[in-house]
Every structure is written in C-alpha cells, then in structure tokens.
Amino acid sequence: MKPGRIIGTVTLAAGDPSFKGGRWVMISPMGSDELTRTNKNPVSEAFSLVAFDNLGAGLGDEVLYVEGAEAMQPFDRPIPLDAITVALLDTFKYTPPSKS
Amino acid sequence: MILARIDGHAVTSIGHPSLKGRTIVLCTPIDETGASEGSPFAAIDTLGAGMHSRVFITTDGSWTQDTVHDNHSPIRNQVMGLVD
C-alpha cells in the first residue's frame, strides 16, 4: 500500500467488459517530500498512474493504493487490473528522524 | 521482507472492509545503517510497533489475508517483526 494523491480522473471511451461500472482516477505517488509537506505541489516528481477506484475518491484526496496482483484481489471475477485505491486517508502523520 | 522504520501512521474511515479497525503505519525502507533508502509505504501493524522503531515488513499477500481473515483483501504489507 502506497500513499498517493488524486490529481485527476480518466474516462474510458471503451474498455474491457469486466471494467463496467468502474471509475478511474489519476494518482500522483507521494514520496517523503510530499508526506512531510516540504513539497506543497500536489503533483510529485514520481510517475503518475491510473488506478481503478470504487471508493469515490475526489480530486486532491490523499489515498492508499496498491499495485500489482493485489489489485485484483477484491474482485471475484477475473479483471485485468494492476492498480486500485484501497483507502481514503482522513489524516496522516509522517515525521522521519531528521538525522537520516 | 523489507527492513523499515516506522515514521508515521495514517487514519482512514473509507476503504476496503479488511482495513477496518487496523492500525496503518507509514514506513520508510532503511538499509543496515538505518539510513532511509526508498520511498515510504503503508503497512498494517498488529504488533504495536512504536514510532521510529525498526521493523520487518512482509510482502506476502496470502499471509496477510490470513491475518485479516479476508481472502479478498488487497493488503500485502504487514509488520512481521520488531528488530532489537
């Protein structure tokens, strides 16, 4: 599970039938600069990714998302998916020790 | 398994059912000297690891699914051991 911020949504003109009823969001992964709020820019340098979303994540929300085979776990039907949001963050605290 | 340091926590109310009631910690992968190496990630913690403590994080999804008793859970990272 990685932290990320929703920076946009994606609408499919056509897609795999198993995606019916799904919603897609664009996530910008949050690194230590974003988590410590030293980088206030909503978009981080990391590559953004498109993830499946059925939690209703809005623009600017901070979420936890998973990539890889785990993204298919919540579904009981085969679905060609490799990124999904698993939680909408209410709050988080991230304070690494300053020396390292 | 990943050697990491607990650097924070996250609170969520809307998410996958298997996350309900779970403590979510934010971890930074570290090397043997303790220096951060890599971007932070989240894991669930059942051992009550304290802030800045060094831990082992497992990436075994099936084992984590057993822990949360939900074989549809998308969680993979879980605190497995506290390093002395």
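What counts and what doesn't
- Residues numbered from 1 in each chain as written.
- Chains lettered and ligands numbered in written order.
- Predicted model: local features only at pLDDT ≥ 70, side-chain atom pairs only at ≥ 80, totals over all residues.
- Heavy atoms only, no water.
- Helix = DSSP H or I, 4+ residues; strand = E, 2+ residues; numbered from the N terminus.
- Buried < 20%, exposed > 50% of the residue type's maximum accessible area, 1.4 Å probe, protein only.
- Contact = heavy atoms within 4.5 Å.
- Buried area = accessible area lost by both parts, 1.4 Å probe.
- Salt bridge = Lys/Arg side-chain N within 4 Å of Asp/Glu carboxyl O.
- Polar contact = N/O pair within 3.5 Å; in protein donor to acceptor, adjacent residues only side chain to side chain.
- Nonpolar A, V, L, I, M, F, W, Y, C, P; charged D, E, K, R; others polar.

Draft legend 1. Quick peek at the environment of Leu64(A). Looking at the secondary structure, you find Leu64(A) in strand E4 (residues 62–67). For Leu64(A), a relative accessible area of 0% gives the class buried. On a C-alpha basis, the gap between Leu64(A) and Arg5(A) in space is 8.5 Å, while along the polypeptide they are 59 residues apart. When residues no more than four places from it in sequence are discounted, the contact partners of Leu64(A) are Met1(A), Lys2(A), Pro3(A), Ile84(A), Thr85(A), Val86(A), Ala87(A), Leu89(A), Ile24(B) and Ala42(B).

Draft legend 2. Main features of the interface of chain B and chain A. Listed by partner, the interface residues are 33 residues for chain B and 27 residues for chain A. Of the roughly 2,400 Å² buried where chain B meets chain A, counting both sides, 62% is carbon and sulfur surface. Contact with chain A buries surface across chain B, with Pro40(B), His72(B) and Pro74(B) losing the most and accounting together for 22% of the total. Inspection of the chain B/chain A interface yields 1 salt bridge. Close ionic contact of Arg76(B) with Glu70(A) constitutes a salt bridge, the shortest N to O distance being 3.7 Å. Linking chain B with chain A are 13 residue pairs in polar contact (both at pLDDT 80 or more), by the criterion used here. Those elements giving two or more residues to the side of chain B that touches chain A turn out to be strand E1 (2–15), strand E2 (23–29) and strand E3 (41–45) of chain B. Taken together, the residues of the side of chain B that touches chain A sort by class into 15 nonpolar, 15 polar and 3 charged.

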